[in-house]
Amino acid sequence: MSPEDDPQGQVAPSEPHGEGPVQWLLALGLGAAAAITITLGLSGAPTTEELLERARTPDDPRTQVQAMHALILRGYWEERPLEELTSHLESSSAEVGDFVTRMHGSLLRPR
Amino acid sequence: MRPSPNIAPAEPPPVAAPTEHPSQARWLPGGWLAPLLCAAVVRGLWLMSAAGGAFRGDEPAYVGLGRAWSELGAYTGQWPPLHPALIAACVSVFGEAGETAARVVLTLLSVWSCAWLMVLATRAHSERAGRLAGWVAALYLPLVPFAHVLLSEGLAIALLLPACALLLAVAAGELRGHRGTAALVGAGFAVGLACLTKEACLFWLGALGLWGVCSLGRPAQLESRRWSTGVRRAVLFLGAAAMTIAPWSARASADLGSLQLLGRTAGLNAYMGWNRDYINFDLVGLDVPDAGAPGASLRASLLEPPADMEQWRFQFLPDVAERNRLAVATGRAFIRAHTGFFLRTRAVKVADLLTPLSYMTRYLRMPPPDPEVAGVKATGGYCSVLTSRPFSVPLTLVSIAMVLALLLLAAYGSIMVPLSPGAAGLVAAACAATAPLALVVAMSRFRAPGEALLIVPAAAALASLRCPPARGLFRRSLFVAALGLLLWSWTLAVAPILASLEEL
């Protein structure tokens, strides 16, 4: 805006020097970091066999529960006989059994 | 307060009303304590009716997820994780009292949200509007359930409102330089967290991003709009939000072995909103009449399902990713085959979003939970004197009247009252973020974040009641169209309201 456009003679406030490049760098950096994070998560997705292995990780109930959760989301246990699930639960930590009973009790019903 | 070199002179006051100059507005001016105390007292009273109870709906599922997370050490839900994380943290710290502690946290967050509405209304219009916004927010009953029922809306509102305030301050040119950059990153972080609370906040992310392109490139009235500045600032805001969401997206994608942005319930929502019988959780348990009330037969005819509805059911596959894909594909095929049905039911769903009913009226009509039984009857509404008729009937009527008044005032305030640069656009962004919910399942709960923001233009309208409205054919036409939409919606809502009152 020129002073002519402004009857009070005020000068339009301009952006502080360097704000533009800083914001572009930050924006692109954050966007790229987000894309890389998601890509890494997707490309590092464990296979079903790896999840089964993790679900038996000794002394790490948290990892066991997470792996069991992922297996259930992938529909793994619904396609297996009930006996296979119960035998897996017997060899897992109490937390895994607790998790399946509390959150996915229908899996334990005869099918 | 000494002016900061990073704070630019603000624009002249809006035309119609405000007598106070926005640049003189402080972040916490005097006179704000009373409405905030009132908000705390109102929410505290309702909290006492909620403590020890169990509310019907998604609350038991959220509590179960939070408790399981606290006890098993891993999050195992299909919703975004932030709200269950809040419950899990409360359970970890307070044990059996964790649920009550989480309700108290939500109550405090609700008061926090009231404060941010005051900030927003002050920024958008005047200090008087800010104070009025505080009183309206404090006393507005339809949003009070989200201050103690363990649903995700309360937390989402508490994150979205400060983000909006930061963005508005940048748009007005009040935060510049490094402070402006920090504000944009902070706003993106807050909206990212809101997305991690509630998947539908992705619509807010998109709407605020678009608003940012249009509004963030015009930092003051003296400066002409610079699209490149707007694009850059909007991209920074979106980048910060994306980075906030990304770790969870990576974890969810790793779990399923396919790209998952936030939650995993999109397929189920598509199914419920497209090719299943009409569903609206405001009306759960109600027998809405097909005739005998204004709009009842129209509503029934709009919802009349096609004859072949049964063949469009889809099979719930055990693999969640496959299930979502199948649900969406089946729904899209159904829409192509029944476009007319889809469009006329959307008319009802828009009305469902604008209904005078609310989760307050829903929980007032529900029986209290019965702790002696298992299943759905173990949950219900408030377990206090509130569910007795001498209280529930007037409170329901007041809640209904409050929604009617808020929507009318908000329509007037956002269209006919001149607001500060960017503020009217912000209200439009809130509406744009809420409207897509009519494409799936619409109910009063899903509009809650947008409803909270509408308190800002409503307060501006109250502050300008003695001033002449803004002129212009476009504004007047838009206002008349908004009134027509509200009238249409409320005509369709008469039958559900009568059914709701009969339940009391």
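Draft legend 1. Seen up close, the overall build of chain B. Counting secondary structure elements, chain B contains 19 helices and zero strands. Radius of gyration (C-alpha) of chain B: 23 Å, near the 23 Å computed for a compact globule of 504 residues. Once the C-alpha set of chain B is aligned to its principal axes, its extents read approximately 60 × 55 × 50 Å. The proportion of buried residues among the 504 residues of chain B is 59%. A fraction of 79% describes how many contacts in chain B between residues 6 or more apart in sequence connect residues 24 or more apart. A total accessible area of about 19300 Å² is found for chain B, and carbon and sulfur atoms account for 68% of it.

Draft legend 2. Looking closely at the overall build of chain A. What chain A contains, in helices and strands, is five helices and zero strands. Reading the helices (α) and strands (β) of chain A from amino to carboxyl end gives α-α-α-α-α. As displayed, chain A has an accessible area near 6500 Å², and 56% of this comes from carbon and sulfur atoms.

Draft legend 3. Spotlight on the interface of chain B and chain A. In this complex, chain B contributes 48 residues to the contact, which on the side of chain A involves 40 residues. Regarding the contact of chain B and chain A, the summed buried area is about 3800 Å², with carbon and sulfur atoms giving 67% of it. At the junction of chain B and chain A, the tally comes to three salt bridges. With a closest N to O distance of 2.8 Å, R233 of chain B and E19 of chain A form a salt bridge.

Draft legend 4. Structural context of a negative patch on the surface. Residue and element names in this part refer to chain B. Taken together, D287, D290, E304, E502 and E503 make up a surface patch of like negative charges. Relative to the helices and strands, E502 resides in helix α19 (residues 473-502). Given the relative accessible area of 69%, E502 is considered exposed.

Draft legend 5. Representation of helix α7 (residues 177-197) of chain B in the model. For α7 of chain B, built from 21 residues, the straight-helix expectation of 30 Å at 1.5 Å per residue is met to within 8% by its first-to-last C-alpha distance of 30 Å. With 15 of 21 residues buried, α7 of chain B is to be regarded as a mostly interior element.

Draft legend 6. Highlighting the nonpolar core. By size, the foremost hydrophobic cluster in this structure holds 136 residues, and its most contacted members are W46, L120, L208 and L453 of chain B. Per-element tally for this core: the top contributor is helix α6 (residues 153-171) of chain B, with 15 residues. If near-sequence neighbours (up to four positions away) are discounted, W46 of chain B is found in contact with L141, V144, H148, M360, L364, Y382, L386 and L395 of chain B. Grouped together as the second largest cluster of nonpolar side chains are 21 residues, A55, A70 and F99 of chain A together with A74 of chain B included.

Draft legend 7. Main features of the packing of aromatic side chains. Residues and elements named next belong to chain B. On inspection of all chains with the given rule, the structure shows 15 aromatic pairs over all chains. Residues F55 and Y382 carry aromatic rings whose centres are separated by 5.2 Å and whose planes lie at 80° to one another, so their mutual orientation is edge-to-face. With a gap of 327 residues between them, F55 in the loop between α1 (33-50) and α2 (59-72) and Y382 in the loop between α14 (359-365) and α15 (389-416) connect regions that are remote in the sequence. Take F55: its relative accessible area is 1%, and that puts it in the buried class.

Draft legend 8. Geometry of the environment of A137 of chain B. Residue and element names in this part refer to chain B. Tracing the backbone shows A137 in helix α5 (residues 127-139). Residues A137 and V284, spaced 147 residues apart in sequence, show a C-alpha to C-alpha distance of 27 Å. When residues no more than four places from it in sequence are discounted, the contact partners of A137 are R43, C114, L117 and I455.

Draft legend 9. Focus on α2 of chain B. For α2 of chain B, built from 14 residues, the straight-helix expectation of 20 Å at 1.5 Å per residue is met to within 8% by its first-to-last C-alpha distance of 20 Å. Turning to α2 of chain B, the residues buried within the fold contact α3 (61-73) and α5 (94-103) of chain A together with α3 (82-94) and α4 (98-124) of chain B. Positive phi appears at G73 of chain B, one or two residues downstream of α2 of chain B, with a value of about 85°.

Draft legend 10. Region of the structure containing the side chain of N280 of chain B. Residue and element names in this part refer to chain B. By secondary structure assignment, the location of N280 is in the loop between α10 (266-273) and α11 (296-302). With relative accessibility at 8%, the residue N280 sits in the buried group. Among the polar contacts listed, one links the side chain of N280 to the backbone nitrogen of D282, at a separation of 2.9 Å. Sequence-distant contacts of N280, that is, excluding residues within four places in its chain, are made with D352, A442 and M443.

Draft legend 11. Quick peek at the environment of C90 of chain B. Locating C90 of chain B in the fold gives a position in helix α3. Those residues in contact with C90 of chain B, other than ones at most four positions away along the chain, are G95, G98, A101, A102 and V105 of chain B.

Draft legend 12. Looking closely at the pattern of salt bridges. Applying the stated criterion across every chain yields a total of 18 salt bridges over all chains. We note a salt bridge from E19 of chain A to R232 of chain B, for which the minimum N-O separation is 4.0 Å. Here E19 of chain A, found in helix α1 (residues 19-43), pairs with R232 of chain B, found in helix α9 (residues 227-256), and the two come from separate chains. Overlapping salt bridges, with partners in common, bring together D58, E153, K198 and R445 of chain B in one network.

Definitions and cut-offs
Residues numbered from 1 in each chain as written. Chains lettered and ligands numbered in written order. Predicted model: local features only at pLDDT ≥ 70, side-chain atom pairs only at ≥ 80, totals over all residues. Heavy atoms only, no water. Helix = DSSP H or I, 4+ residues; strand = E, 2+ residues; numbered from the N terminus. Rg over C-alpha atoms; globule rule 2.2 N^0.38 Å. Buried < 20%, exposed > 50% of the residue type's maximum accessible area, 1.4 Å probe, protein only. Contact = heavy atoms within 4.5 Å. Areas by Shrake-Rupley, 256 points an atom, 1.4 Å probe, with all protein chains shown as cover. Buried area = accessible area lost by both parts, 1.4 Å probe. Salt bridge = Lys/Arg side-chain N within 4 Å of Asp/Glu carboxyl O. Patch = residues over 30% accessible without salt bridge, like charges linked within 9 Å, V, L, I, M, F, W, Y side chains within 5 Å. Lys, Arg positive; Asp, Glu negative; His and termini not counted. Charge placed at Lys NZ, Arg CZ, Asp CG, Glu CD. Expected span 1.5 Å × (residues − 1). Core = buried A, V, L, I, M, F, W, Y, C linked by side-chain atoms within 4.5 Å. Phe/Tyr/Trp six-rings, centres within 6.5 Å; stacked < 30°, edge-to-face > 60°. Polar contact = N/O pair within 3.5 Å; in protein donor to acceptor, adjacent residues only side chain to side chain.

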